[in-house]
Amino acid sequence: MIHPLEQLRHSAWTPMTVAGAGFVLAVVGWPVTAAVYGVDPALAMVVTVGHSVAAVLAVRWPWAGLSLAIPAAAGTMLVTAAAPATLPWPWPVTSLIAHCLTLAVLAVCHRW
């Protein structure tokens, strides 16, 4: 009998689901980071897409996904540092969810 996590690792639906979730997080997170946190739209795009691509990369290449997620997180913290204290600093919620998605993909799909 195959373990359920083994089935998930080898399922064709896993990369497609993570890619879909990453796309949604990028599409929602970019305007949130730019409008709510007052970040330049180009910078907001770079850090938001970085978080989303990290999750997608982590499905196949765990170290590449982790290597992109860490600078994306640091970049997000830097560009949102001037945000008002009423906002959930240091990360927009969408960036936090994208980072958690990357960590979940790493935990479920790969052995350490």
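How each quantity is defined
- Residues numbered from 1 in each chain as written.
- Predicted model: local features only at pLDDT ≥ 70, side-chain atom pairs only at ≥ 80, totals over all residues.
- Heavy atoms only, no water.
- Helix = DSSP H or I, 4+ residues; strand = E, 2+ residues; numbered from the N terminus.
- Buried < 20%, exposed > 50% of the residue type's maximum accessible area, 1.4 Å probe, protein only.
- Areas by Shrake-Rupley, 256 points an atom, 1.4 Å probe, with all protein chains shown as cover.
- pLDDT = per-residue confidence, 0-100.
- Core = buried A, V, L, I, M, F, W, Y, C linked by side-chain atoms within 4.5 Å.
- Expected span 1.5 Å × (residues − 1).
- Arc of directions from axis to C-beta.
- Patch = residues over 30% accessible without salt bridge, like charges linked within 9 Å, V, L, I, M, F, W, Y side chains within 5 Å.
- Salt bridge = Lys/Arg side-chain N within 4 Å of Asp/Glu carboxyl O.
- Axes fitted to C-alpha atoms, helices over the stretch in contact; angles between N-to-C directions.
- Parallel < 35°, antiparallel > 145°, perpendicular 65-115°, else oblique.
- Contact = heavy atoms within 4.5 Å.
- Nonpolar A, V, L, I, M, F, W, Y, C, P; charged D, E, K, R; others polar.

J.: In this structure, what is going on with the overall build of the protein? I would like to understand it.
T.: On a plain count of helices and strands, the protein comes out with five helices and zero strands. Order of helices (α) and strands (β) in the protein, N terminus to C terminus: α-α-α-α-α. Dimensions of the protein along its principal axes, counting C-alpha atoms only, are 55 × 25 × 20 Å. Counting only residues that meet the buried cut, the protein has 38% of its 112 residues in that class. With the model as given, the accessible surface of the protein reaches about 6500 Å², and the carbon-plus-sulfur share is 77%.

J.: Can you walk me through the environment of P71 in this structure?
T.: Of note, P71 is situated in helix α4 (residues 62-79). Here P71 falls in the partly exposed class, since its relative accessible area comes to 47%. Between the C-alpha atom of P71 and that of V49, which follows or precedes it by 22 residues, the distance is 12 Å.

J.: What's the story with the confidence of the model for the protein in this structure? I'm lost.
T.: For residues with low pLDDT, the predicted coordinates do not support detailed interpretation. Mean pLDDT over the protein works out to 87, with 90% of the residues at or above the 70 mark. By mean pLDDT, the top-scoring element of the protein is helix α3 (residues 41-60) (93), and the lowest-scoring one is helix α1 (residues 4-9) (62).

J.: Would you explain the nonpolar core in this entry?
T.: In summary, soluble globular proteins display a tendency toward joint burial of nonpolar side chains. Listed in full, the 11 residues of the largest apolar core are V18, L25, A55, A58, V59, L66, A98, L101, V105, L106 and C109. Those elements giving two or more residues to this core turn out to be α2 (13-36), α3 and α5 (93-109). Ranked by residue count, the leading element in this core is α5, at five residues. Counting six residues, the second largest nonpolar core, distinct from the first, contains Y37, A44, A83 and L87.

J.: I tried to follow α5 on my own but got confused; where do I start?
T.: Three or four residues apart is the spacing at which side chains of an α-helix point the same way, because the helix has 3.6 residues per turn. Taking 1.5 Å of rise per residue, the 17 residues of α5 would be expected to cover 24 Å, and the 24 Å separating its terminal C-alpha atoms lies within 8% of that figure. When α5 is considered as a whole, its buried residues turn out to be T94, S95, A98, H99, L101, T102, V105, L106 and C109. What you see down the axis of α5 is that its buried residues fit within an arc of 150°, all on one side.

J.: Mind showing me how you'd approach a nonpolar patch on the surface here?
T.: A cluster of nonpolar side chains, contributed by W30, M45, V46, V49 and V53, occupies part of the molecular surface with about 390 Å² of accessible area. By secondary structure assignment, the location of V46 is in helix α3. Since its relative accessible area comes to 53%, V46 is described here as exposed.

J.: I would appreciate a short explanation of the packing of α3 against α5 in the present structure.
T.: Two packed helices can be described by the angle between their axes and the distance between those axes. One way to put it is that α3 packs onto α5 with a least axis distance of 9 Å and a crossing angle of 10°. As far as their axial angle goes, α5 and α3 are roughly parallel. Judged by residue contacts, H51, A54, A55, A58 and V59 of α3 engage S95, A98, H99, L101, T102, V105 and L106 from α5. By residue class, the composition of the contact of α3 with α5 is eight nonpolar, four polar and no charged.

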